[in-house]
Amino acid sequence: MKKIWSYLAGGIFFTLLWWGVSLVLSLPIVPSPWEVVARLLQTFTETVAIHGFYSLWRIMVGLLLAILLGFPLGLSMGYYPSLDRYLAPLVYLTYPVPKIALLPIFMLLGGVGEAPKIIMIFLIVVFQVIIAVRDSIRAIPAETYYPLFSLGASFRHLFSEVLWPASLPKFITALRVALATAISVLFFTETFGTQYGMGYFIMDAWLRVNYLDMYVGIMVLSLMGLALFSLLDAIEYRATRWQRKG
Amino acid sequence: MIEVKNLSVRYGEEKFVALTGVNLTVPTGTVCVLIGPSGCGKSSLLRAVAGLQSAAGGEVLVDGLPLKPTEKKIGFMPQNYGLLPWRTVRDNALLGCRIKGTIDSGTEARLARLLAVLGLKGMEDRYPGELSGGQQQRVSLARIFLMEPDILLMDEPFSALDTITREDMQEVFLSLWRKQAVTTLLVTHYVEEALYLGNKIVLMASHPGRVTDVMENPLFGATDLRSDPAYFALAGELRRKIKETRGA
């Protein structure tokens, strides 16, 4: 509870800071927070919501695909060193390539629709997941498996008793780190070839010189990131209780 | 009955010989203690019996059949007690039954009784990181005795504990053991522990790891070991033999 209050205080601090700046500058490019909130409430259901929904959908699908592919891959690479020997170079060579630079290629290949945007998010998250899961599986001491091996445990049990709980903390951290980048990249991809999404909404408002709408967009996109962050935090809090003990 | 026949174990690329030609029989319902200097392959022997280490030669039979971890219930207690840090006391204690699929309507009641006997009542929802070494070991004992294993293998189970806790745990162990009389193989480097917990004491020597002597122990489970004159005679003999194997 204490934590929630301190975060709330932080939110109030930033809002007041913004308000102060808007009062001092008194320019249309920095509207006061109250005006923006009023505008948000007024336009949310008719225009902003649909853009927010598109952005959220793209992030969720990208994230889900990255988990579905990255987790099993990282797990296999961590568990079978021989597989890692073949795959690690491929991962390392592609990991530092700035994925966003590949956007034009994906847009030429996949059209300007949903696919390139989702692929971008997928590519950014999947590497983090692979590496985090692989490293945490590798870090499990051999003795941890002994009680299970001597009990004749199946792979299913090995997974649920050791592999999954051991990789969860780093896995969630990786998702959190990747998420921040994914949202920025999403914004960028949404400025091309779409009529929907928060990126489009913000850039469109900017070109129309509608600063109030632009701020509404920035606010919604930020809140969306915050919501996803808090969601991951909540999952982590529940799932890794054992790490905070002892 | 556990029978180890002509067992050899080798490690690594250079085929370092950890054990060679080990023969050993543990009759059903007895405790056999392995004792010897460090590096004599006691732990390797135990791991080979537990199915964690493949043998370079020879075999391990339980009740006349080759030992398979999937078919038999092997209770294995490693030196670090083998608790999963992400599982609560309750879930750690239930691990054996969970994997063997033997949880039934009576398991809950048996677990509660066992935890009460082991002094772990009220700690069911704690994690291993919140427990002392002695408490962690009690959880490990709960796991093993809840499962009612066919054989029990313990790798220096009490050596990380302080003297007083160790003596307590040895007593707790014996009282639980007597109820099930599981055929047990126990590794130790304490002479006193060997004399207190072993029906049979097997001496091992190193370079290469092998069995040098087997002693029957009349003092097994004696209530007041230290006041028994026979204890000192046997302890002295055992110490002398261990020193000899080291010198050899």
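Residues numbered from 1 in each chain as written. Chains lettered and ligands numbered in written order. Predicted model: local features only at pLDDT ≥ 70, side-chain atom pairs only at ≥ 80, totals over all residues. Heavy atoms only, no water.

This brings us to the overall build of chain B. Scanning chain B from terminus to terminus reveals 8 helices and 10 strands. C-alpha extents for chain B along the principal axes are approximately 50 × 45 × 30 Å. Residues counted as buried form 54% of the 248 residues belonging to chain B. Excluding contacts between residues fewer than 6 apart, the proportion of contacts in chain B whose partners are at least 24 apart in sequence is 70%. Charge-centre separation for chain B: the mean point of 29 positive side chains lies 2 Å from the mean point of 28 negative side chains. (Helix = DSSP H or I, 4+ residues; strand = E, 2+ residues; numbered from the N terminus. Buried < 20%, exposed > 50% of the residue type's maximum accessible area, 1.4 Å probe, protein only. Contact = heavy atoms within 4.5 Å. Lys, Arg positive; Asp, Glu negative; His and termini not counted. Charge placed at Lys NZ, Arg CZ, Asp CG, Glu CD.)

Now for the confidence of the model for chain B. Residues and elements named next belong to chain B. Taken as a whole, chain B shows an average pLDDT of 87; of its residues, 99% reach a score of 70 or greater. Of all helices and strands in chain B, the one with the weakest mean pLDDT is helix H8 (residues 229-247) (82), whereas helix H2 (residues 89-93) scores best (95). Both confidence scores are given for the complex: pTM 0.85, ipTM 0.85. (pLDDT = per-residue confidence, 0-100.)

For the rest of this paragraph, the subject is the pairing of strand S7 (residues 151-155) of chain B. Residue and element names in this part refer to chain B. The element S7 is largely enclosed, with a buried count of 5 among its 5 residues. Going residue by residue along S7, you find Ile151, Leu153 and Asp155 tucked away on one face and Leu152 and Met154 tucked away on the opposite face as well. Examined bridge by bridge, strand S6 (residues 74-77) and S7 share 4 bridges and lie parallel to one another. Note on S7: the bridge partner recorded for Ile74 is Ile151. With 5 bridges connecting them, S7 and strand S8 (residues 183-188) associate as parallel partners. Paired with Leu153 across the two strands is Leu185, which belongs to S8. (Pairing = 2+ DSSP bridges.)

Comment: phi is negative for the bulk of residues other than glycine, and the bulk of peptide bonds are trans. All names here are of chain B. A cis amide bond, omega -10°, links His207 with the succeeding residue Pro208. Although it is not a glycine, Asp63 adopts a positive phi angle of roughly 50°. In this fold, Asp63 is placed in the loop between strand S4 (57-62) and strand S5 (65-66). Asp63 sits in the partly exposed class, given a relative accessible area of 47%.

So, on to a nonpolar patch on the surface. Taken together, Phe13, Phe14, Leu17, Val21, Val24, Leu25, Leu27 and Ile29 of chain A make up a surface patch of nonpolar side chains, about 780 Å² in accessible area. Topologically, Leu25 of chain A is positioned in helix H1 (residues 2-25). (Patch = residues over 30% accessible without salt bridge, like charges linked within 9 Å, V, L, I, M, F, W, Y side chains within 5 Å. Areas by Shrake-Rupley, 256 points an atom, 1.4 Å probe, with all protein chains shown as cover. Salt bridge = Lys/Arg side-chain N within 4 Å of Asp/Glu carboxyl O.)

Below, the discussion takes up the interface of chain B and chain A. Across the contact, 24 residues belong to chain B and 20 residues belong to chain A. Taking both sides of the interface into account, the surface hidden between chain B and chain A amounts to around 2000 Å²; carbon and sulfur atoms contribute 69%. On the chain B side of the interface with chain A, the three residues burying the most area are Trp86, Ile99 and Tyr127 of chain B, jointly 33% of the side's total. Inspection of the chain B/chain A interface yields 2 salt bridges. Of the charged contacts in the structure, one is a salt bridge between Glu161 of chain A and Arg87 of chain B, with a shortest N-O distance of 3.0 Å. At the surface where chain B touches chain A, the tally comes to 5 residue pairs in polar contact (both at pLDDT 80 or more). Breaking the side of chain B that touches chain A down by element, the ones donating at least two residues are helix H1 (42-50), S6, helix H3 (95-100) and helix H5 (133-147) of chain B. Among the elements that line the side of chain B that touches chain A, the one with the most residues is H3 of chain B, at 5 residues. Across the side of chain B that touches chain A, the residue classes break down as 12 nonpolar, 5 polar and 7 charged. (Buried area = accessible area lost by both parts, 1.4 Å probe. Polar contact = N/O pair within 3.5 Å; in protein donor to acceptor, adjacent residues only side chain to side chain. Nonpolar A, V, L, I, M, F, W, Y, C, P; charged D, E, K, R; others polar.)

A separate point is the pattern of salt bridges. Two side chains of opposite charge can pair, provided their charged atoms sit close to one another. The tally for this structure, following the rule as stated, stands at 20 salt bridges over all chains. Residues Arg98 of chain B and Glu161 of chain A are paired through a salt bridge, measuring 2.8 Å at the closest nitrogen-oxygen approach. Taken together, the positions of Arg98 of chain B in helix H3 and Glu161 of chain A in helix H7 (residues 155-189) put the pair across two chains. A salt bridge links Lys68 of chain B to Glu71 of chain B; the shortest N-O distance between them is 4.0 Å. Taking the relative accessible area as the measure of exposure, Lys68 of chain B reaches 43% and is therefore partly exposed.

So, on to the sheet that holds S8 of chain B. Whenever strands of a sheet pair, they do so through backbone hydrogen bonds, lying parallel or antiparallel. Residue and element names in this part refer to chain B. The strand order S6-S7-S8-S3-S9-S10 describes an open sheet built from 6 strands, whose pairing is mixed. Of all the strands in the sheet, just S6 and strand S10 (210-216) have a single pairing partner and so form its edges. Across this sheet, the average inter-strand angle for adjacent strands is 15°, counted without regard to direction. Along the sheet, H1 makes contact with strand S3 (31-35), S6, S7, S8 and strand S9 (200-205), crossing S7 at roughly 150°. (Axes fitted to C-alpha atoms, helices over the stretch in contact; angles between N-to-C directions.)

With that out of the way, let us pick up the environment of Ser8 of chain B. Residues and elements named next belong to chain B. Among the secondary structure elements, Ser8 is positioned in strand S1 (residues 2-11). Its relative accessible area of 15% is what places Ser8 among the buried residues. Sequence separation of Ser8 and Ser159 is 151 residues, and the distance between their C-alpha atoms is 26 Å. Setting aside chain neighbours within four positions, we find Ser8 in contact with Leu19, Thr20, Gly21, Ala55, Ala56 and Gly57.

Before going further, it helps to spend a moment on the layout of surface pockets. Residues and elements named next belong to chain A. Approximately 1100 Å³ is the volume found for the largest pocket. Together, 30 residues line the largest pocket, and Tyr7, Leu8, Gly11, Leu226 and Ser230 are the ones closest to its centre. Every element with two or more residues in the lining of the largest pocket is listed here: H1, helix H2 (33-79) and helix H9 (211-239). Counting residues per element, the lining of the largest pocket draws most heavily on H9, which supplies 13 residues. Counting only domains with at least three residues in the lining of the largest pocket, you end up with domain 1 (1-30) and domain 2 (32-243). (1 Å grid on protein atoms, 1.4 Å probe; cavity = no way out; pocket = protein on both sides within 12 Å on 5 of 7 lines; lining within 4 Å. Points joined across faces, edges and corners; volume = space filled by probe spheres on them. Domains from an automatic or database assignment.)

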